Amino acid sequence: MYKSMHQIPSSSRLGKMPDRDPMRLALQSGLEYLDRLDRRVHKEIQETRSCFLKLLDNCQSDVTMGDSGGHDSTVDPQAALGDFNAILDNVISASFAALRDRFCVLQPARYSTSFGVAGWLSEGTSTPLGQPPQGLLPGSTSSFANYGPVAQPFLPQPQHSTYLEAFSVIYDPRDTQLLPEGTYPVDQDEVQVLADLMEVNVEKATLADLLESDIDIDGIDFDLEGPTESVCDARAVMQVPKDLSIDNFCVPSKERLIIAPGVVATRVRPRCDGFPRQVFNPKDIECLSSPIAPLNDVCINGCATLLYSQLKIPTVDCAILSTYDLPRIRSNAPDEVIWRNTSWTRYWEKNMWVLPIHRPSDVGHWVICIIYFRTKELHLFDSLADQNPWESDGKDIMKLVGRFLTVARQRHSGVQIDLEGWQTRALNVNPCQSNTYDCGLWVLAAMIAVLRGRHVTGLLEEQMSDFRHYLCSLVLSLPART
Amino acid sequence: MAEEQQNSQGQEEFKLEENAPINVKVVSSTGDEVFFKIKRNTKLSKLQGAYATKVGKDVGSIRFLYDGSRINDDDTPASLDMEDNDTIDVMVEQVGGSSPAYLYSRRP
């Protein structure tokens with residue numbers, strides 16, 4: 001039911017189903033109003049948040065100054081508190097007052113409190129009301145509210161599925177800036193980031209936990225027909241099936257990873273964790289340091305090795321293949337060429353292969369495929385969510401699997417080859433990239449999810465700038481060529 | 001004295017052998033092969049430049065890989081422990097963003 005609702009715009013649905021029940025019309029109009037209010041309040045909250053952030057910065061600078069024996073006279077804590085209260089009063093009471101007025105008109109006595117709003121909304125779940133084109137179904141259950149930003153990364157602003165949610169939990173990618181001090185080990189090494197940063201973002205952790213409770217990563221019995229339908233937010237469920245876990249990797253904010261300006265020299269990463277030596281020339285580093293440069297093969301392959309060493313959890317048993325591997329298959333490279341360039345991954349011993357893929361065409365594009373041998377699945381991720389090219393890519397990927405295993409079996413006995421019954425699965429339905437340069441970052445984000453034992457990245461487009469900076473800092477932390 | 005002379009002569013021969021040219025095969029992903037003879041202490045950037053000229057491409061747009069590892073400008077056959085008749089694999093640079101036209105077509 002909700003799936004079909006998702007596909008039918010509210011206007012056409014309303015046009016087809018004129019509703020003469022005045023109660024329904026009133027409810028409908030109320031819901032639409034709530035959506036408008038939701039957006040407005042969200043905007044106000046964003047503004048308030050930035051005010052708070054400024055205040056917080058002032059507080060922090062105050063503390064820092066205090067340590068050195070001084071006191072920043074420009075920041076008066078009392079005045080700051082006054083600002084805080086004023087902002088709170090202004091935003092929240094104004095919104096609630098408007099809401100209350102509206103509901104008093106609709107339903108004089110019963111729905112005049114915030115509790116009433118929640119109850120009122122929950123009725124909406126069973127009422128097939130139309131929904132505004134940009135808003136989520138207002139009646140979604142609150143436990144799935146956090147799907148909002150994950151489900152629609154393409155939207156410029158995170159969406160909230162219930163009005164109440166807007167007051168209780170606000171997801172904002174900038175939350176990462178409000179992390180408790182010391183979460184990132186920046187003091188020891190400005191570019192070292194631990195693997196288990198997930199706990200710091202409460203909203204995202206909740207979402208992942210919620211999903212993971214239903215997941216058996218090893219013994220997956222996937223619904224291969226498509227994402228599961230449910231009574232919760234239809235769009236979210238369409239994008240993230242319950243059996244897939246969303247990664248909650250937190251990208252350190254730029255402020256926490258300081259990169260000293262200067263001439264960039266070639267960085268060399270010696271042989272490490274089974275990977276051969278990696279060389280990043282200034283031109284490659286420039287791809288990462290520029291905010292809008294597309295990534296090249298060196299960035300993808302090189303950063304993959306760095307992320308593997310930085311973030312892979314012990315239970316993940318994967319081979320990171322190279323962006324050159326699929327081109328070699330496509331050009332029918334001889335066995336010895338394949339073996340020479342891939343044997344270091346010991347891919348035949350792994351139950352999962354991570355294959356970054358370059359699509360040439362006029363303007364190149366990066367996508368990624370995760371090859372799961374236990375479940376015989378190809379997980380496909382394209383930040384533009386273009387499903388069409390996967391058909392030919394999928395054939396090439398299976399050809400690669402067959403060739404790689406055949407080549408390995410010639411040299412190692414006991415390598416099993418089973419190419420029957422494989423299934424493909426798109427990890428995203430909607431695009432998460434709206435620019436012309438971040439697809440490489442999305443591929444690396446997808447890779448991080450896998451290295452951390454998850455299926456789908458939970459990063460948002462607005463975090464890509466910080467992510468780029470994080471990758472750049474990882475590369476620059478390598479020793480310069482001597 | 002005669003023994004010493006013999007020793008130094010042996011060392012010279014060894015040095016000569018150390019810098020003796022080796023044959024290196026450069027293979028593209030499509031299987032095209034180009035052969036080079038290069039001294040063991042000569043920088044491989046010379047070989048890279050010569051190959052790029054031969055195939056008519058910018059040297060920066062070509063990746064030279066030895067056993068899966070990218071060759072650095074100042075590497076030499078000696079520094080990489082290369083042996084006679086070893087192979088260098090060549091791949092073309094890959095860059096990916098996405099086409100603005102495609103993005104536009106996807107806009108709701």
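Conventions adopted
Residues numbered from 1 in each chain as written. Chains lettered and ligands numbered in written order. Predicted model: local features only at pLDDT ≥ 70, side-chain atom pairs only at ≥ 80, totals over all residues. Heavy atoms only, no water. Helix = DSSP H or I, 4+ residues; strand = E, 2+ residues; numbered from the N terminus. Buried < 20%, exposed > 50% of the residue type's maximum accessible area, 1.4 Å probe, protein only. Contact = heavy atoms within 4.5 Å. Areas by Shrake-Rupley, 256 points an atom, 1.4 Å probe, with all protein chains shown as cover. Polar contact = N/O pair within 3.5 Å; in protein donor to acceptor, adjacent residues only side chain to side chain. Pairing = 2+ DSSP bridges. Axes fitted to C-alpha atoms, helices over the stretch in contact; angles between N-to-C directions. pLDDT = per-residue confidence, 0-100. Parallel < 35°, antiparallel > 145°, perpendicular 65-115°, else oblique. Phe/Tyr/Trp six-rings, centres within 6.5 Å; stacked < 30°, edge-to-face > 60°. Core = buried A, V, L, I, M, F, W, Y, C linked by side-chain atoms within 4.5 Å. Buried area = accessible area lost by both parts, 1.4 Å probe. Salt bridge = Lys/Arg side-chain N within 4 Å of Asp/Glu carboxyl O. Nonpolar A, V, L, I, M, F, W, Y, C, P; charged D, E, K, R; others polar. Expected span 1.5 Å × (residues − 1).

Caption draft 1: The arrangement of the overall build of chain A in detail. Scanning chain A from terminus to terminus reveals 16 helices and eight strands. Taken over 482 residues, chain A has a buried fraction of 54%. Restricting the contact set of chain A to residue pairs at least 6 apart, pairs at least 24 apart contribute 72%. Carbon and sulfur atoms make up 55% of the accessible area of chain A, which totals about 21200 Å².

Caption draft 2: How the structure looks around the side chain of A:D386. For A:D386, the position within the fold is in the loop between β7 (377–381) and α14 (390–409). Of the polar contacts made by the side chain of A:D386, one reaches the backbone nitrogen of A:N388; its length is 3.4 Å.

Caption draft 3: Examining the sheet that holds strand β4 (residues 318–320) of chain A more closely. Residues and elements named next belong to chain A. Read across the open sheet, the five strands follow the order β4-β5-β6-β7-β8; overall the sheet is mixed. Edge positions in the open sheet fall to β4 and β8 (423–426), since each of these has one partner strand only. Averaged over all pairs of adjacent strands, the angle between their axes in this sheet comes to 25°, without regard to strand direction. Set on the sheet, helix α11 (residues 297–311) makes contact with β4, β5 (352–359) and β6 (365–372); between it and β4 the angle comes to about 150°. Each of β4, β5, β6 and β7 touches helix α15 (residues 439–451); the most contacted strand, β6, lies at about 20° to it.

Caption draft 4: Up close: the confidence of the model for chain B. Residues with a pLDDT of 70 or more make up 77% of chain B, whose mean pLDDT is 85. Scoring the predicted complex yields pTM 0.61 and, for the interface, ipTM 0.84.

Caption draft 5: Geometry of the packing of helix α13 (residues 335–342) of chain A against α14(A). All names here are of chain A. Between α13 and α14, the shortest axis-to-axis distance is 10 Å and the interhelical angle comes to 85°. Regarding the angle of α13 to α14, the classification is roughly perpendicular. Between α13, through D335, I338, W339 and T342, and α14, the contact on the second element is made entirely by R403, F404, V407 and A408.

Caption draft 6: Fine view of the packing of aromatic side chains. Residue and element names in this part refer to chain A. Evaluation of the coordinates by the stated rule reveals 14 aromatic pairs over all chains. With a centroid separation of 5.2 Å and an interplanar angle of 85°, the aromatic rings of Y347 and W353 are classed as edge-to-face. W353 matches Y347 in its accessibility class, with the two residues each being buried. Taking the centre distance of 5.0 Å and the plane angle of 50° together, the rings of Y347 and F404 count as tilted.

Caption draft 7: Just the sheet that holds strand β1 (residues 21–28) of chain B, in detail. Residues and elements named next belong to chain B. If you walk across this open sheet you meet the five strands as β2-β1-β5-β3-β4, and the pairing is mixed. The strands lining the two open edges of the sheet, one partner per strand, are β2 (33–39) and β4 (69–70). Bridge analysis of β1 against strand β5 (residues 86–92) gives five bridges, and the strand direction is parallel. Among the inter-strand pairings, K25 is bridged to a residue of β5, identified as T87.

Caption draft 8: Local environment of the nonpolar core. Residue and element names in this part refer to chain A. Ranked by internal contacts, the top residues of the largest apolar core, which has 53 residues, are L295, L307, I320, L444, F467, Y470 and L471. Only α10 (282–289), α11, β4, β5, β6, α15 and α16 (464–476) provide two or more residues apiece to this core. Element by element, the count of residues in this core is highest for α15, at eleven residues. Each residue touching L444, except ones within four places of it in the same chain, is listed here: L295, C299, I300, C303, A304, L307, F467 and L471. In this structure, I357, V367, I371 and V401 belong to the second largest nonpolar core, which totals 29 residues.

Caption draft 9: Fine view of the pairing of β1(B). In this sheet, β2(B) lies alongside β1(B) in antiparallel orientation, the contact comprising seven bridges. Of the residues in β2(B), the one forming a bridge with B:V26 is B:V34.

Caption draft 10: Summary view of the environment of A:N341. For A:N341, the location among the structural elements is in helix α13. Residues A:N341 and A:R328, 13 residues apart in the sequence, show an inter-C-alpha distance of 10.0 Å. The residues contacting A:N341, other than those within four sequence positions of it, are A:R328, B:L65, B:G68 and B:D89. Reaching out from A:N341, the side chain makes a polar contact with the side chain of A:R328 at a distance of 3.4 Å. A polar contact is formed between the side chain of A:N341 and the backbone oxygen of A:V337, at a distance of 2.9 Å.

Caption draft 11: Up close: the environment of B:Q48. Looking at the secondary structure, you find B:Q48 in helix α2 (residues 44–55). Discounting chain neighbours no more than four positions away, the residues touching B:Q48 are B:V59, B:F64, B:I71 and B:D73.

Caption draft 12: Expanded view of the interface of chain A and chain B. Taken together, the contact pairs 43 residues of chain A with 32 residues of chain B. Summed over both partners, the interface of chain A with chain B buries about 3100 Å², with 47% contributed by carbon and sulfur atoms. Taken as a group, A:R277, A:Y324 and A:R340 account for 20% of the area that chain A buries against chain B, more than any other trio of residues on that side. Counting across the interface, chain A meets chain B through five salt bridges. Two residues, A:R277 and B:D75, come together in a salt bridge whose shortest N-O distance is 2.5 Å. Run the count over chain A and chain B and you get 18 residue pairs in polar contact (both at pLDDT 80 or more). Elements with a contribution of two residues or more to the side of chain A that touches chain B: β2 (278–280), α10, β3 (295–296), α11, α12 (325–330), α13 and β6 of chain A. The element best represented in the side of chain A that touches chain B is α13(A), accounting for three residues. Of the residues that constitute the side of chain A that touches chain B, the class distribution is 21 nonpolar, 14 polar and eight charged. Of the pairings in the sheet, the one linking β3(A) to strand β6 (residues 95–96) of chain B comprises two bridges and is antiparallel in character.

Caption draft 13: Broad picture of α15(A). All names here are of chain A. Taking 1.5 Å of rise per residue, 13 residues should cover 18 Å, and α15 covers 18 Å from first to last C-alpha, within 8% of that figure. In terms of residue burial, α15 counts as a mostly covered element, since 13 of its 13 residues are buried. Once α15 finishes, G453 follows within two positions and takes phi at roughly 80°, a positive value.

Caption draft 14: Region of the structure containing the packing of α10(A) against α16(A). Residue and element names in this part refer to chain A. With their axes 8 Å apart at the nearest point, α10 and α16 run at an angle of 150° to one another. Here α10 is positioned roughly antiparallel relative to α16, judged by the angle of their axes. Within the contact between the two elements, α10 uses I285, C287, L288 and S289 and α16 uses R468, L471, C472, V475 and L476.

Caption draft 15: Broad picture of the side chain of A:H365. Residue and element names in this part refer to chain A. Mapped onto the elements of the fold, H365 is located in strand β6. The exposure class of H365 is buried, given its relative accessible area of 7%. Side-chain polar atoms of H365 contact the side chain of D382, separated by 2.7 Å.

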